[in-house]
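# Survey of secondary and tertiary structure
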Amino acid sequence: MTVDTILLVDDEPGIRKVLGIALTDTGYTVHTAENGREALRIFRAVKPPIVLTDIKMPDMDGIELLRIIKREDPDTEVIMFTGHGDMDLAIKSLKHEATDFVTKPINDEVLEIALKRARERIALRQKLREYTESLEKLVEEKARKLVEAERMAAVGQTVTELSHAIKNIANGLKGSIFVLRKGIELDNKKYLREGWEMVAGNVDKIKNLSLDLLNYGKYAATHFCLSDPNTPAQEAVNLMRAKAQELGIDLRTELGGDLKACGFDPEGLHRCLLNLVANALDACQDEAAAGRDKTVVVKTRATGDGGIEYQVSDNGCGMPQDVQSKLFQSFFSTKGTGGTGIGLMMTKKIIDQHDGRIEVQSKPGVGTTVSLRIPARQAPPDA
Ligand SMILES: Nc1ncnc2c1ncn2[C@@H]1O[C@H](COP(=O)(O)OP(=O)(O)O)[C@@H](O)[C@H]1O
Ligand SMILES: [Mg+2]
């Protein structure tokens, strides 16, 4: 069965007809059912990867249908239609692992977004399945490719540490295989889910690692030009604002009003600040920082000697001394599958190329301030 097959369940003939036509036009193969019982019959016969169902229907309601479908095939993506004011039902359906809900009257765009998400999840699962089939081979190959990559020249002596990072992922994957195998042997959903999450985490980590490495390699040369020092700070904050908002973190700037344009690499500084803000947001999400309002502030100011200082402060988890002493080591991360340890190593490389300095002040349980100081220049260092 392809991803493009949809089962559409609604007791209103109008909706079945209109939506059925719209979805068929978009390229889906659509089966329709007017009630839960018929829906189940079709579901069992056709095994559609995506089900769209109304929540409120006579006899078997949408939630009951969702529950049965999820029990028979947890991979099915079920999108619920809800009326206005059905928020409780909508939330209940999410608890039963509905993919999404769409409010009636149904807006085509909203539905397409929900369907896109469902397709993405299906594609992701398919990918994971492929990954698990040859995990170790994949990791070995990745390692070889990464090591061979031309860009690795820039990483130089860190290849050994990189192998270490990859070996950790391989071990993580090995562990996931073990848990998955137990889950299959014992027919234990909990193990299967845990194993699944471990695989997903490790695959994420491989992805992040390759992306970060690629970025790191790309940033081979610094391009100095006369720029406004506030611009990279403002841009980094703009980029991260949506994420901060989603996490309930107050991300703001305090930009010096009297900064003169000077010679630095705006793209490089932008990357540094993105790394620092990303770390600050991570620190705010850490358990050790739970229970208070989170703030991340990005500041700029002119230093006494005519240079510029950027500061990123958070009131997140902070770091103990032993973490602080390893911060700039390549691939050092305390974030498990969530981190690659490339952010600060890259930040340091860029600041070094500016003849600048990085200073870290941090207190466990209180927060962290990272300062980047770069000297003012009017032209590239080699000009
Ligand atoms: N603002 C911060 N608060 C607490 N810990 C931090 C902060 N910034 C960096 N760290 C620590 O430094 C480590 C390395 O950071 P980084 O090089 O960006 O790698 P990553 O973010 O991928 O782990 C992090 O794993 C974390 O332990
Ligand atoms: Mg980071």
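Cut-offs applied
- Every chain begins its residue count from 1, and numbering advances along the sequence as written.
- As a convention, the first chain written is A and the first ligand written is 1, with the rest following in written order.
- Per-residue local features are limited, in this predicted model, to residues with pLDDT of at least 70; the limit for side-chain atom pairs, both in listing and counting, is 80 or more; totals at the level of whole chains, interfaces and linings are taken over all residues.
- Any residue whose C-beta atom, as set from the backbone, lies within 6 Å of a molecule or strand is reported as near that molecule or strand.
- The way it works is that DSSP assigns letters per residue, a run of H or I at least four long becomes a helix, a run of E at least two long becomes a strand, and they are numbered from the N terminus.
- Each residue gets one of three labels, nonpolar for Ala, Val, Leu, Ile, Met, Phe, Trp, Tyr, Cys and Pro, charged for Asp, Glu, Lys and Arg, and polar for the others, Gly among them.
- A strand pair is defined by DSSP finding two or more bridges across the two strands.
- Under this scheme, a helix contributes an axis fitted over its contacting stretch, all axes are lines through C-alpha atoms, and angles between N-to-C directions fall in the 0 to 180 degree range.
- Placing a C-beta atom from the backbone of each residue, one calls two residues in contact when those atoms lie within 7 Å.
- As used throughout, domain bounds are those supplied by an automatic or database domain assignment.
- To estimate the expected span of a helix, subtract one from its residue number and multiply by 1.5 Å.
- Once C-beta atoms are placed from the backbone, each residue is buried if 20 or more other C-beta atoms lie within 10 Å of its own, exposed if 12 or fewer, and partly exposed for counts between those two.
- Here the angle decides the label: under 35 degrees means roughly parallel, over 145 means roughly antiparallel, 65 to 115 means roughly perpendicular, and every other value means oblique.
- Note on convention: near helix rotated counterclockwise from far helix by under a right angle means a left-handed crossing. Clockwise means right-handed.
- A crossover gets the label right-handed when its path from the first strand over the helix to the second runs clockwise, viewed with the strands pointing away from the viewer.

### Points about the site of ligand 1
Inspection of the region around ligand 1 gives 22 residues, with Asn 279, Ala 283, Ser 333, Gly 339 and Gly 343 positioned closest. Elements with a minimum of two residues in the shell around ligand 1: helix H11 (266-285) and helix H13 (343-353). With four residues, the top contributor of residues to the shell around ligand 1 is H11. Counted by class, the shell around ligand 1 contains nine nonpolar, eleven polar and two charged residues.

### A short note on the sheet that holds strand S7 (residues 249-254)
Reading across the sheet, the five strands line up as S7-S9-S10-S12-S11 and stay open at both edges, with mixed pairing between neighbours. Unpaired on one side and paired on the other, S7 and strand S11 (357-363) mark the two borders of the sheet. Pairwise comparison of adjacent strand axes, ignoring direction, gives a mean angle of 10° for this sheet. In terms of strand pairing, strand S9 (residues 294-302) meets strand S10 (residues 308-314) through seven bridges, oriented antiparallel. Looking across to S10, one finds that Lys 299 is bridged to Gln 311. Taken strand by strand, helix H10 (residues 230-247) contacts S7, S9 and S10, and its axis lies near 165° from that of S7. Of the strands in this sheet, S7, S9, S10 and strand S12 (367-374) touch H11, which is tilted by about 20° from S10.

### A closer look at the domain arrangement of the chain
Often, the extent of an interface is quoted as the loss of accessible area upon association of its parts. For the chain, the assigned domains are domain 1 (5-127), domain 2 (134-218) and domain 3 (225-374). With centres defined by C-alpha atoms, the gap from domain 2 to domain 3 works out at 27 Å. Contacts between domain 2 and domain 3 engage 15 residues on the former and six residues on the latter. Sorting the residues of the side of domain 2 that touches domain 3 by element identifies helix H8 (159-186) and helix H9 (189-218) as the ones contributing at least two each. The element best represented in the side of domain 2 that touches domain 3 is H9, accounting for nine residues. For the side of domain 2 that touches domain 3, the residue count by class is five nonpolar, six polar and four charged.

### So, H11
Under the 1.5 Å per step criterion, the end-to-end length of H11 is 28 Å for 20 residues, consistent within 8% with the ideal 28 Å. Burial of H11 is extensive: 14 of the 20 residues sit out of reach of the surface.

### Side note on the packing of helix H2 (residues 36-46) against helix H3 (residues 62-72)
Two elements in contact, H2 and H3, have axes separated by 10 Å at closest approach and are oriented at 20°. By the criterion of interaxial angle, the relationship of H2 to H3 is roughly parallel. In this structure, the crossing between H2 and H3 has a hand that is right-handed. Between H2, through Gly 36, Ala 39, Leu 40 and Phe 43, and H3, the contact on the second element is made entirely by Glu 64, Leu 65, Ile 68 and Ile 69. In terms of residue class, the contact of H2 with H3 is built from six nonpolar, one polar and one charged.

### Some details on the sheet that holds strand S2 (residues 29-33)
Here five strands make up an open sheet; going across it, the order is S2-S1-S3-S4-S5 and the pairing parallel. Of all the strands in the sheet, just S2 and strand S5 (100-103) have a single pairing partner and so form its edges. On average, each strand axis in the sheet is tilted by 20° relative to the strand beside it, whichever way the strands run. Direction of pairing for strand S1 (residues 5-9) relative to strand S3 (residues 50-54): parallel, over a ladder of four bridges. Across the sheet, the residue bridging to Val 9 is Thr 53, located in S3.

### So, the pairing of S2
The sheet contact formed by S1 and S2 spans five bridges and is parallel. Following the sheet pairing, Val 9 is matched in S2 by Ala 33. For the segment spanning S1, helix H1 (residues 13-26) and S2, crossover handedness is right-handed.

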